[in-house]
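# Coordinates in review
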Amino acid sequence: MAKTVVVVGTQWGDEGKGKITEYLSSKANIVVRYQGGNNAGHTIVFNQEQYKLNLIPSGIFRSEKVILGNGMVINPKSLIEEMNYLSVRRILTNSIRISDRAHVILPYHIALDELQEELKEDLKVGTTKKGIGPAYVDKYARTGIRIGEFIDVELFKDKLKYQINEKNEIFNKYNKPLFNFDDVFNEYVKYASILKPYVTDTSYEIDEALANEKKILFEGAQGVMLDIDHGTYPYVTSSNPSAGAVSIGGGIGPTLIDEVIGVVKAYSTRVGEGAFPTELKNETGDYIRKIGREYGTVTGRPRRVGWFDGVIVSHTRRVSGLTGLSINLLDVLSGIDTVKLCVAYELEGQEIKHIPSTTKLFSRCRPVYIEMPGWDEDISDVKHFNDLPKNAQNFVKKIEEITKVPVVIISVGPDREQTIILKDIY
Ligand code: GDP
Ligand code: IMO
Ligand code: MG
């Protein structure tokens, strides 16, 4: 049985990673986020309650400890708001640990995110405007502020002064409001003192836990198609959601990862800009959007909807080393006469089974579909694979065949209970 499991998004995010992480967290001692920030929106449903988490790992309800790993970018104000949101709902937050090496998102990152999108005009990415990209830019420019520096008043003061001067030059150039050092410092130093008790060397904690036979679950945010290296660049996020980033962003050796579960929708969705070969701009797309309630968790934007794309999930299998698939939202396809699965692309007269690296070529790819008969039955209460309608079973088996990854979980509704397990993970 596995000791360390990764839950990773295989498409463009919102595959239901939060639901699957929360489900698996009943067996995991520690749940770790390894990248991204509050651009993520993870929905969890149990006991007739719905929770939406942006920064706090979805294990907060049942595991012993949750970790915000060093690969993350953390908006301290948002984190405190999220902790309060949970406390009000009587969910304890004292098990949170924050990596001293994670980077801090400050208000000028958000203003820069907005400005960059504005300047890009037609080439905008459609970001969540949470300051994610600019915070990672500072990290790699080696001018960013790490959590360990943020909670040290003197270090924070020095670094913030430099940052505000640097950023104000840009805002000045574009006639945008400038940031006042004292205002930002006085507000954020208060957040730093609230968060200080939670800050630690989280890689050390994970290592100790593993030495004590504890089980660790890593929760991806976004999805592989939004990965800065393996996604549809430049229409991506600024981190690596792919499973390889667990090692760097969690501070754990790559040799210690046992299983990688790819979460996939029974169809596809995307929020924000960028090519999307299987996109449905018709009544079927509208139907799936309505039944699947496909509206962004973070921004409320309607999600773009399309058929399942096997080229994409095969790409994810390759770059993230998937050992199992969780097919989510299968219930949403009930009532559709004929369901389609993309198995290849047609590009300039050739059939291809890989993703071209440029937007120019990717946007010219036309999906090659196979069609399968759908099913009418409501499957949202089904508990066993054999009780699914035959056509739904065949659809699942076809996904397995196309992607070459065994299906280990099927999700038939947002609730924790609406989960079919085909293979025990832990
Ligand atoms: P995440 O970002 O990957 O955690 O996914 P989101 O929470 O942003 O979006 C997934 C949406 O689908 C949420 O509203 C979930 O409550 C919901 N959901 C998850 N699994 C299922 C499922 O199997 N069926 C249905 N109908 N909804 C689901
Ligand atoms: P979860 O974890 C879906 C998208 C944005 C935009 C692009 C870049 O809930 O699956 P960013 O703000 O990261 O610079 O935006 O990435 N995006 C997501 N789409 N789910 C997410 O997270 C996303 N996080 C970012 O819409 O297209
Ligand atoms: Mg989401």
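The structure contained in this document is the topic of the report that follows. (Residues numbered from 1 in each chain as written. Chains lettered and ligands numbered in written order. Predicted model: local features only at pLDDT ≥ 70, side-chain atom pairs only at ≥ 80, totals over all residues. Heavy atoms only, no water.)

### Observations regarding the packing of aromatic side chains
Within this structure, the stated rule accounts for twelve aromatic pairs. An angle of 50° between the planes, with centres 4.8 Å apart, marks the rings of Y51 and F61 as tilted. Within this pair, whereas Y51 is found in strand β4 (residues 49-53), its partner F61 is found in the loop between β4 and β5 (65-68), the two being separated by ten residues in sequence. Here F61 falls in the buried class, since its relative accessible area comes to 16%. Seen from their ring centres, Y108 and F179 are 6.4 Å apart, and the 80° between their planes marks the pair as edge-to-face. Linking Y108 in helix α3 (residues 107-120) with F179 in the loop between α6 (153-173) and α7 (181-195), this pair joins segments that are 71 residues apart in sequence. (Phe/Tyr/Trp six-rings, centres within 6.5 Å; stacked < 30°, edge-to-face > 60°. Helix = DSSP H or I, 4+ residues; strand = E, 2+ residues; numbered from the N terminus. Buried < 20%, exposed > 50% of the residue type's maximum accessible area, 1.4 Å probe, protein only.)

### Concerning the environment of I216
Following the sequence through the fold, I216 ends up in strand β10 (residues 216-219). Looking at I216, the relative accessible area reads 0%, which means it is buried.

### Structural notes on the coordination of the magnesium ion (ligand 3)
Distances from the magnesium ion (ligand 3) to its protein donors, D14 (OD) and G41 (O), fall at 2.0 to 2.2 Å. With a gap of 27 residues between them, D14 in the loop between β1 (4-9) and α1 (17-24) and G41 in the loop between β2 (30-33) and β3 (42-46) connect regions that are remote in the sequence. Exposure remark for G41: the relative accessible area of 10% places this residue in the buried category. (Donors = N, O, S within 2.8 Å, 3.2 Å for Na, K, Ca; no water.)

### Side note on the site of ligand 2
With respect to spatial proximity, 20 residues lie near ligand 2, and among them K17, H42, T128, Q222 and T237 are the closest. Take K17: an N or O atom from its side chain is 2.7 Å from an oxygen atom of ligand 2. Q222 has a polar backbone atom sitting 2.8 Å from an oxygen atom of ligand 2. For ligand 2, whose free accessible area comes to 550 Å², the fraction covered by protein is 98%. (Near = heavy atom within 4 Å. Polar contact = N/O pair within 3.5 Å; in protein donor to acceptor, adjacent residues only side chain to side chain. Areas by Shrake-Rupley, 256 points an atom, 1.4 Å probe, with all protein chains shown as cover.)

### Focus: the side chain of T4
Its place among the elements puts T4 in strand β1. In this structure the side chain of T4 is engaged in a polar contact, spanning 2.5 Å, whose partner is the backbone oxygen of L256. In contact with T4, not counting residues within four places along its chain, are L210, I216, F218, I252, L256, I257, D258 and E259. (Contact = heavy atoms within 4.5 Å.)

### Considering α3
The first and last C-alpha atoms of α3 sit 20 Å apart over 14 residues, in line with the 20 Å expected at 1.5 Å per residue. Residues P107, Y108, H109, A111, L112, D113, L115 and E117 constitute the buried set of α3. Tucked into the core, α3 has its buried residues touching β8 (103-104), α4 (132-141), α6 and α7. E121 sits one or two residues past α3 and shows a positive phi near 45°. (Expected span 1.5 Å × (residues − 1).)

### Details of the pattern of salt bridges
Counted under the stated rule, the structure contains 24 salt bridges. With a closest N to O distance of 3.8 Å, K124 and E273 form a salt bridge. With K124 in the loop between α3 and α4 and E273 in the loop between β12 (268-270) and α10 (283-291), the pair connects residues that are 149 residues apart, well separated along the chain. Given a relative accessible area of 33%, E273 falls into the partly exposed group. R303 is the partner of E294 in a salt bridge, and the nearest nitrogen-oxygen pair spans 2.7 Å. Relative accessible area serves as the criterion here: at 0%, E294 is assigned to the buried category. Looking at R303, the relative accessible area reads 8%, which means it is buried. (Salt bridge = Lys/Arg side-chain N within 4 Å of Asp/Glu carboxyl O.)

### Concerning unusual backbone geometry
A cis amide bond links Y233 to the next residue, P234, at an omega of 5°. Checked against the element boundaries, P234 lands in the loop between β10 and α9 (245-250). At K129, a position not held by glycine, the phi torsion is positive, near 55°. By the secondary structure assignment, K129 is in the loop between α3 and α4.

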